[in-house]
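Descriptive analysis of the structure
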Amino acid sequence: MGKYVITYDIGTTGIKTCLIEIDKEMKILASATEGYGLYVDDETGVKGGAEQDADEWWSAMCITTKTVFEKAPTVKKEQIEGISFCSAMQGLVLVDKEGKCIRRPMTYMDQRAREELKKGIAYGVQVAGAEVTKLLKYLRYTGAVSSSVKDPIWKYKWVEAHEPENFKKIYKWLDIKEYLICRASGEFVMTNDSAFSTLLYDTRPGHEGWCKPICDMVGVNIEHMPPIKGSSEKVGEITEKAAAELGLAPGTAVYGGGGDASLIGVGTGAVEVGDTHIYSGTSGWVGTVVDKQLVDAGAMMASIVGANPRTFNYFGELETSNKCVNWVKDHLALDEIGIYLESHSNPADSIETLEFNLYDYLEKVIDKVEPGAGGVVFTPWLHGNRCPFEDPNAAGMFFNIKLETGKTELIRAVVEGICFHMKWMLERQENKVEINDTVRFCGGGALGETTCQILADVLQRNVEVVDSPQNIGAVGAAACIAVGMGLIPKMEDVKKLIPAKITYKPNPENKAIYERNFKVFQNLYKCNKKNFAILNG
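So, here is what we can say about the structure in this document. (Residues numbered from 1 in each chain as written. Predicted model: local features only at pLDDT ≥ 70, side-chain atom pairs only at ≥ 80, totals over all residues. Heavy atoms only, no water.)

Focus: the layout of surface pockets
Taken as a whole, the second largest pocket holds about 450 Å³ of empty space. Surrounding the second largest pocket, 22 residues form its lining, Leu117, Gly129, Ser147, Glu390 and Pro392 being those nearest its centre. Sorting the residues of the lining of the second largest pocket by element identifies helix H2 (114-120) and helix H17 (511-536) as the ones contributing at least two each. Per element, the largest residue contribution to the lining of the second largest pocket is 4 residues, and it comes from H2. (1 Å grid on protein atoms, 1.4 Å probe; cavity = no way out; pocket = protein on both sides within 12 Å on 5 of 7 lines; lining within 4 Å. Points joined across faces, edges and corners; volume = space filled by probe spheres on them. Helix = DSSP H or I, 4+ residues; strand = E, 2+ residues; numbered from the N terminus.)

Let's talk about the packing of aromatic side chains
Counted under the stated rule, the structure contains 20 aromatic pairs. Plain terms: the ring middles of Tyr8 and Phe85 are 5.5 Å apart, the flat faces sit at 25° to each other, and that makes the pair stacked. One end of the pair, Tyr8, is in strand E1 (residues 3-10); the other, Phe85, is in strand E6 (residues 80-87), with 77 residues separating them in the sequence. Neither residue differs from the other here; Tyr8 and Phe85 are each classed as buried. An aromatic cluster is defined as three or more aromatic residues linked by ring pairs; in this entry it consists of Trp381, Phe389, Phe420, Trp424, Tyr514, Phe518, Phe521, Tyr525 and Phe532. Taking the ring centre of Phe518 as reference, the NZ or CZ of Lys423 above it sits at 5.2 Å. (Phe/Tyr/Trp six-rings, centres within 6.5 Å; stacked < 30°, edge-to-face > 60°. Buried < 20%, exposed > 50% of the residue type's maximum accessible area, 1.4 Å probe, protein only. Lys NZ or Arg CZ within 6 Å of the ring centre and 35° of its normal.)

Remarks on the pattern of salt bridges
Using the criterion set out here, one finds 30 salt bridges in the structure. The residue Glu51 makes a salt bridge to Arg112 at a minimum N-O spacing of 2.7 Å. You can see Glu51 sitting in strand E5 (residues 50-51) and its partner Arg112 sitting in the loop between strand E7 (93-95) and H2, a full 61 residues away along the chain. Judged by relative accessible area, which is 7%, Arg112 ranks as buried. What you see here is one network of salt bridges that share partners, running through Glu51, Arg103, Arg104, Asp110, Arg112 and Glu163. (Salt bridge = Lys/Arg side-chain N within 4 Å of Asp/Glu carboxyl O.)

Looking at helix H1 (residues 54-71)
The end-to-end C-alpha distance of H1 is 26 Å, a good match for the 26 Å that 18 residues give at a rise of 1.5 Å each. Along H1, the residues that are buried comprise Ala54, Trp57, Trp58, Ala60, Met61, Cys62, Thr64, Thr65, Val68 and Phe69. The opening residue of H1, the one whose side-chain oxygen lies 2.8 Å from the backbone nitrogen of Asp55, is Asp53. (Expected span 1.5 Å × (residues − 1). Polar contact = N/O pair within 3.5 Å; in protein donor to acceptor, adjacent residues only side chain to side chain.)

What about the environment of Ile238?
Note that Ile238 resides in the loop between strand E15 (234-237) and helix H9 (240-246). Taking the C-alpha atoms as reference points, Ile238 and Ile83, 155 residues apart in sequence, are found 9.1 Å from one another. Ignoring any residue separated from it by four or fewer positions in sequence, one finds Ile238 in contact with Ile83, Ala184, Ala243, Leu248, Ala249, Pro250, Gly251, Thr252 and Val254. (Contact = heavy atoms within 4.5 Å.)

Some details on unusual backbone geometry
Along the chain, Cys387 connects to Pro388 via a cis peptide bond; the corresponding omega equals 5°. Within the element layout of this structure, Pro388 appears in the loop between strand E23 (377-379) and strand E24 (397-399). With phi around 45°, Asp41 is a residue other than glycine that occupies positive phi space. Checked against the element boundaries, Asp41 lands in the loop between strand E4 (39-40) and E5.

Some details on the side chain of Ser87
Within the element layout of this structure, Ser87 appears in strand E6. By relative accessible area, which is 2% here, Ser87 ends up buried. In terms of polar contacts, Ser87 uses its side chain to reach the backbone amide nitrogen of Lys177, at 3.4 Å. Excluding residues within four positions of it along the chain, Ser87 makes contact with Ile10, Ile176, Lys177, Gly258, Gly259 and Asp260.

Things to note about the packing of helix H10 (residues 260-267) against helix H16 (residues 472-484)
Where H10 meets H16, the closest approach of the two axes is 7 Å, and the angle between their N-to-C directions is 90°. Here H10 lies roughly perpendicular to H16, going by the angle between them. Touching Leu263, Ile264, Val266 and Gly267 of H10 are Ile472, Gly473, Val475, Gly476, Ala477, Ala479 and Cys480, all from H16. (Axes fitted to C-alpha atoms, helices over the stretch in contact; angles between N-to-C directions. Parallel < 35°, antiparallel > 145°, perpendicular 65-115°, else oblique.)

Overview of the packing of helix H14 (residues 407-429) against helix H15 (residues 449-459)
Between H14 and H15, the shortest axis-to-axis distance is 9 Å and the interhelical angle comes to 45°. Considered as vectors, H14 and H15 are oriented oblique to each other. In this structure, H14 meets H15 at a crossing whose hand is right-handed. Touching Arg412, Val415, Glu416, Cys419, Phe420, Met422, Lys423 and Leu426 of H14 are Thr450, Thr451, Ile454, Leu455, Val458 and Leu459, all from H15. (Left-handed = near helix turned anticlockwise from the far one by under 90°.)

A closer look at the sheet that holds strand E20 (residues 295-296)
In spatial order, the strands read E20-E21-E22-E19-E18-E25-E26-E27; together these 8 strands make up an open sheet with mixed pairing. Two strands lie at the open edges of the sheet, namely E20 and strand E27 (500-504), each paired on one side alone. Here strand E18 (residues 276-280) pairs with strand E19 (residues 284-290) via 5 bridges, running antiparallel. Looking at the pairing, Tyr279 lines up with Trp285 of E19. (Pairing = 2+ DSSP bridges.)

As structure tokens, this is what we get:
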């Protein structure tokens, strides 16, 4: 008989909760989603701010837990072997001794701490945005460097500088899933991958843990950092209070889980050295499994600690990936949406069903447009960019619009632009690592057949997609439980439980036009860097 677990994929704008059976395959028996707010700029009172409400996370977690039981009534709460998490990373959740948030959590998107970054590391003689002596010290201990305004160290320093009364109340610094672990179990912990994402984690063999020399160098109180646990480790049990709110049995095991950058690759089956996965959700990235630490400071790429203690994920991120498609839906595709609603609207449809079908409809619309989008090129930098160049001033643009350009060409250009950026990061990774000819594509963007084919054509590689690609973070969290319970020996074995559902092969006839547009895409940042600074600096 299979084992039942519940896992939570906590994204930027909502939670996906899955009831999963672990047997010969990972089978999702029921899933539920619930949204919550993302408060930016004026809503935070600070330019560049991006915050969320921790109570909204917990409420969404409670609602969706009860919903998955309603959808799978034969499974009872007493049968749940454990819960685990996959969440966005590099959040800053500061809590007191009771585990209560001192202030609203800052997300990875928060860019307010520009002055703190400058004072802390971006001064004097710099290499890759960091003062050279501090850069070398960072690389010695952590294998990466905190030179991005979005890194949580500088948000922590911002609170110290601007909210001293709140800073005095800090008991522990947690990330998003760690806060939910604390609220569910009462335990203050942080998994290895989350600890690494603070860029305060010593990765040297035999020295793994919080790095006092780095904490001292950047002015972080090491007492604020919680005990570190493994992703597949049982870290606590659900308390009576949390059980009543969630609808779970008290004493249910809580496993560490991991961040999205760690577990989405696991959930899509990209777990062996050389395996690459491309994720397109609100944000997006390219991740390749490697057996040693690598860093490309000039491109803001590094090998990050993941859920598997034997490997690393060589990682490059795009801040706004499928979020650009959501922007298209809200601001550009209004005529097409009106046509869709008029011909397909069903009063019985939920908002979730309607949005899913609407994206499917937009896929059909862009499939009618020739590859290359009539020469229009889009840059998907709607909230700055991190990799392969770091610039919070970078923004989106449509380039090469003509009289004959229609709305459908613009919509297709957005999808192609996202794929161009993924190609850019993948090619940068190939400078340092060998990558397999086939990549796995996942996230909400992988639900569209046209998008998958565009990615295959842009990359000129086979693109594999697994079942339920939008839920693979939750599947990765289930893999942590499976390893922790001994159901599978090691993380690499999860690949056997997650087969590819479909493979998209590149069309060689589209290679030339995509290579032409890709060259223009790369030039657009170089040619407009100063313009972005004038408008947004």
